[in-house]
Amino acid sequence: QSSVTVYGSFDGGVRYVNNVNAAGDDRTSVSSNGTFNSNRLGFRGVEDLGGGLNARFTLESGFNTGTGAFDNAANNIFNRTAAVGIGGAWGGIDLGRQYSVSFKTIGAYDPFNYKYTGIIPLAAAAAGSGATSIGGTRFNNDIQYTGTFGPATIRAEYALGETTGSNSNGSAVAVGGTFATGPFSVGGAYTQKKPNVGTAAAPNFQDNNQWTIGGAYKIAALRVAGGYIREKQEFAAAADTTVKNGWIGASYNFTPAFELSGAWYQTKTNVAVLGDGKRDLFIFGAIYSLSKRTNIYADIDYARLSGTSRLINPATGASQDRQTGFSVGLNHLF
Amino acid sequence: QSSVTVYGSFDGGVRYVNNVNAAGDDRTSVSSNGTFNSNRLGFRGVEDLGGGLNARFTLESGFNTGTGAFDNAANNIFNRTAAVGIGGAWGGIDLGRQYSVSFKTIGAYDPFNYKYTGIIPLAAAAAGSGATSIGGTRFNNDIQYTGTFGPATIRAEYALGETTGSNSNGSAVAVGGTFATGPFSVGGAYTQKKPNVGTAAAPNFQDNNQWTIGGAYKIAALRVAGGYIREKQEFAAAADTTVKNGWIGASYNFTPAFELSGAWYQTKTNVAVLGDGKRDLFIFGAIYSLSKRTNIYADIDYARLSGTSRLINPATGASQDRQTGFSVGLNHLF
Amino acid sequence: QSSVTVYGSFDGGVRYVNNVNAAGDDRTSVSSNGTFNSNRLGFRGVEDLGGGLNARFTLESGFNTGTGAFDNAANNIFNRTAAVGIGGAWGGIDLGRQYSVSFKTIGAYDPFNYKYTGIIPLAAAAAGSGATSIGGTRFNNDIQYTGTFGPATIRAEYALGETTGSNSNGSAVAVGGTFATGPFSVGGAYTQKKPNVGTAAAPNFQDNNQWTIGGAYKIAALRVAGGYIREKQEFAAAADTTVKNGWIGASYNFTPAFELSGAWYQTKTNVAVLGDGKRDLFIFGAIYSLSKRTNIYADIDYARLSGTSRLINPATGASQDRQTGFSVGLNHLF
């Protein structure tokens, strides 16, 4: 009788990272929101309304493997997704908290398909910097259109800022699209936001814009993918801050159950006042599937840090300019 | 094998309100706990114990459409309902956090059936003012009896105060009943509480009593309903505060799928020291059902505010004495 | 299609306790995380991977009957269990937040089978004192092996401390086993921890060790069980603190639906500086089953307190050295 599907993903693993602070200490941990695949428990349903129309909803929680806590310090229950919508042959419109257009577009050309999101910078970079309701990988108060027409998928969104007396402050608007034909897939998105770069007590809404392009090529067991994101944040009395991410990588299925992937992700930041920083991440991953729903994974990742991206202790002057990590674990979908 | 039903309601809409502050600013929002119908995700079950007996439970969370957050700042997971009970031909007894007797009684004669609860004052007024465990529309620690005998439904409850050294401080006791025959339904309830009107550090438990009566008349596609609530809160060293709500309204089903409703709700407050205030709310709503589980809704509401009910900025003396709102959205039950 | 089972336990009851503070006040309450059986809502699943292997997970929330709130002030959603693992004929390995080896071992020889956990000291004592991630009855970041071979069950665990620059600080390691043959069951466990007895700002990790043994004997409708736990916490600049728990009790099934139990639990604490304390708890309980999933319960419990275990008001010198409680309620499994 119930029209609700309960689903999720649970990732249990161990991760070792050296040089986690300026003093060069290392750390081994189980606690994570999913090292390989982000943990989630979700509830979703689709109702056929007839005439090609449907109503649908998704409510998705994130949680921590090691502690059982929510994936966010504010304890938002459906921090991952809370959206309800209506769809048809013309596409669909969903309202609520959901993945941004930019995030969905970039996902199509990440060599690692948004795995290892705590290590790889793309998921966080997708929707732009900032802890505001329009930062991170999802937007609050988002009204989003998605339409698929043959090889093309078109997306557009407007995330309300809900600022008293202003419709632009705190809002975001974006358009994006992907085009997939045969072995090729290309895509791009443009997002314009006006986040609060001040404080709650002294709000200061400033323009932010971001664009991204990318592509992927798949032939037999090999997939190559790469892309670029450029984001600029303006300030009232300081120079602009820019963050650029570029990447390229590949994956290869040796057997249907065994896959190896490798990629290079470069993040360049130019923060007003602080100066330039750069992080080059090289990551190699292996997946062995025990079933369609369960796999064992392992990765090795190496990051070179320079400029302001290093781990620096201003008091002692100590700094670390490289970081190596290993992860191994089990991911179970349900 | 599972004896649990997962159910809920998800409401996604946009609401515009003018004059949301003393300066007269407007605001457009998606974030809400459900503009038309309060959002919920619930788990419930009933077990047949034989001999006409059953055991049953309900656990119900509330959440925000625009943010995915809980519906309450304390992040109570089952803020809407957490109750377990046993029932039979003699009625049933449920224990836990649940709707008060007053709330259930008033629901039978609200022209809008507890929709638009953020706009219409009844749901909040039902169980009396105050953010205590026995304020709002639900009581904590509530032991409630419900019995239905032919046209009559009888309710009684005792919500424990759990105050060390006192059984009356913080408690609530209520009786109520509804009688429905043919097109007529009438009901009433009386509630006596002793909420803490002081602080946690300096508790000050004072008497509060509330009574309500109302009725509804339904003929063919037309339903007319109205009622009255009167609540009085005593204080140790100040005059009593009284809040009176009166209302009347009607709904009409033009087709099985299309309904229009309209009502007038008046709230009069007489707060010790501050003085008198009045809010007259006029609200008109339309519902178009896409299926039994999914509808599209819209409303227009207009409030006239006078006295201490106005939006006042004491520093500038600016004030607003009217507010207009529009809402439109989609409500999906699952 | 869904591979998830939703399950739980909901306990609604009323409890009276006298002498809840040094002044000797009493208190009657509904709010509890389950007086008889701890409240829970859980999601679990098992996937058959073939070849005798399985993948499995458990996500379990705890909640309060009277308020609908989480069972923990930090609002951890899966505070009771969040673990994922893999199993086979060789046993199984689970990762995450889960019951400790010590807790599982002691459960086999508690006369009350971990009921009334708010009154009986065993569940809290099982994994040792302290509010750290390795205190209480569960460990965070725990990697646990369980294997059953005929009459023997073997357990071992390592809970990572996740302390930057140290693998021992904050960690726990334990081994345990139970052996059950015919009417006899015996077991024991040893746990070595290094909890933070300082503060977050000034951490101070010190050794803690605990051992436990116990046994149970079951003949026809009678079951007798008893055991002992000894825990020692070291400090840098003070004497050790020791906590010893010893207990013995029995239960008898008069009919398949009606059971009486009684037990004596003694807790001796020797806290550095503060001195010695002792609590003797005598508890008698009755269970009447309405079905396999629903029962009605009642208990009477009496505690004698001496030394530092009394309820003392240092300002007035008032103290209480005994406490009597009664509970009655309904427990429903789903």
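It should be noted that the structure appears before, not after, this text.
Residues numbered from 1 in each chain as written. Chains lettered and ligands numbered in written order. Predicted model: local features only at pLDDT ≥ 70, side-chain atom pairs only at ≥ 80, totals over all residues. Heavy atoms only, no water.

A. How the structure looks around the interface of chain A and chain C. On the chain C side, the residues contacting the 33 residues of chain A number 34 residues. Seen at the junction of chain A and chain C, the total is one salt bridge. Of the charged contacts, one joins Arg27 of chain A and Glu162 of chain C as a salt bridge, the two residues approaching to 3.5 Å between their closest N and O atoms. Scanning the region where chain A abuts chain C turns up 14 residue pairs in polar contact (both at pLDDT 80 or more). Where the side of chain A that touches chain C is concerned, the elements lending two or more residues are β1 (5–17), β2 (27–29), β3 (40–50) and β19 (322–333) of chain A. (Contact = heavy atoms within 4.5 Å. Salt bridge = Lys/Arg side-chain N within 4 Å of Asp/Glu carboxyl O. Polar contact = N/O pair within 3.5 Å; in protein donor to acceptor, adjacent residues only side chain to side chain. Helix = DSSP H or I, 4+ residues; strand = E, 2+ residues; numbered from the N terminus.)

B. Geometry of the environment of Ser306 of chain A. Residue and element names in this part refer to chain A. Tracing the backbone through its elements, the reader meets Ser306 in strand β16 (residues 294–307). In the structure, Ser306 is positioned 38 residues away from Lys268 in sequence and 9.7 Å away in space, judged by C-alpha atoms. Beyond its immediate stretch of four places on either side in the chain, Ser306 contacts Gly277 and Lys278.

C. The pattern of salt bridges, seen in detail. All names here are of chain A. Within the structure shown, the criterion is met by 24 salt bridges over all chains. The closest approach of N and O atoms between Asp299 and Arg15, which form a salt bridge, is 3.7 Å. Of this pair, Asp299 sits in strand β16 while Arg15 is found in strand β1, placing the two residues 284 residues apart along the sequence. For Asp299, a relative accessible area of 5% gives the class buried. (Buried < 20%, exposed > 50% of the residue type's maximum accessible area, 1.4 Å probe, protein only.)

D. Focus on the interface of chain B and chain C. In this assembly, 34 residues from chain B lie in contact with 33 residues from chain C. The junction of chain B with chain C conceals about 2800 Å² of combined surface from both sides, 67% of it contributed by carbon and sulfur atoms. When the buried area of chain B at its contact with chain C is split by residue, Glu47, Val84 and Glu162 of chain B rank highest and sum to 19% of it. Our count for the chain B to chain C interface comes out at one salt bridge. The interface formed by chain B and chain C includes 14 residue pairs in polar contact (both at pLDDT 80 or more). Counting residues per element, the ones that place at least two in the side of chain B that touches chain C are β3 (40–50), β4 (53–61), β5 (81–88), β6 (91–99) and β7 (138–149) of chain B. When residues of the side of chain B that touches chain C are assigned to their parent elements, the largest contribution, five residues, is made by β5 of chain B. Split into classes, the residues belonging to the side of chain B that touches chain C amount to 17 nonpolar, 14 polar and three charged. (Buried area = accessible area lost by both parts, 1.4 Å probe. Nonpolar A, V, L, I, M, F, W, Y, C, P; charged D, E, K, R; others polar.)

E. Inspection of the relation of the copies chain B and chain C at higher detail. Laying chain B over chain C is done by rotating through 120° and shifting 0.0 Å along the axis; what remains is an RMSD of 0.0 Å. In the structure described here, the two chain copies are related by an operation that fits a three-fold rotation axis. For chain B, the minimum C-alpha distance to the rotation axis belongs to Asn75 of chain B and amounts to 4.1 Å. Counting the interface residues of chain B, we find that no more than 9% of their copies in chain C are interface residues as well, pointing to two distinct contact surfaces. (Least-squares fit on C-alpha atoms with pLDDT ≥ 70 in both.)

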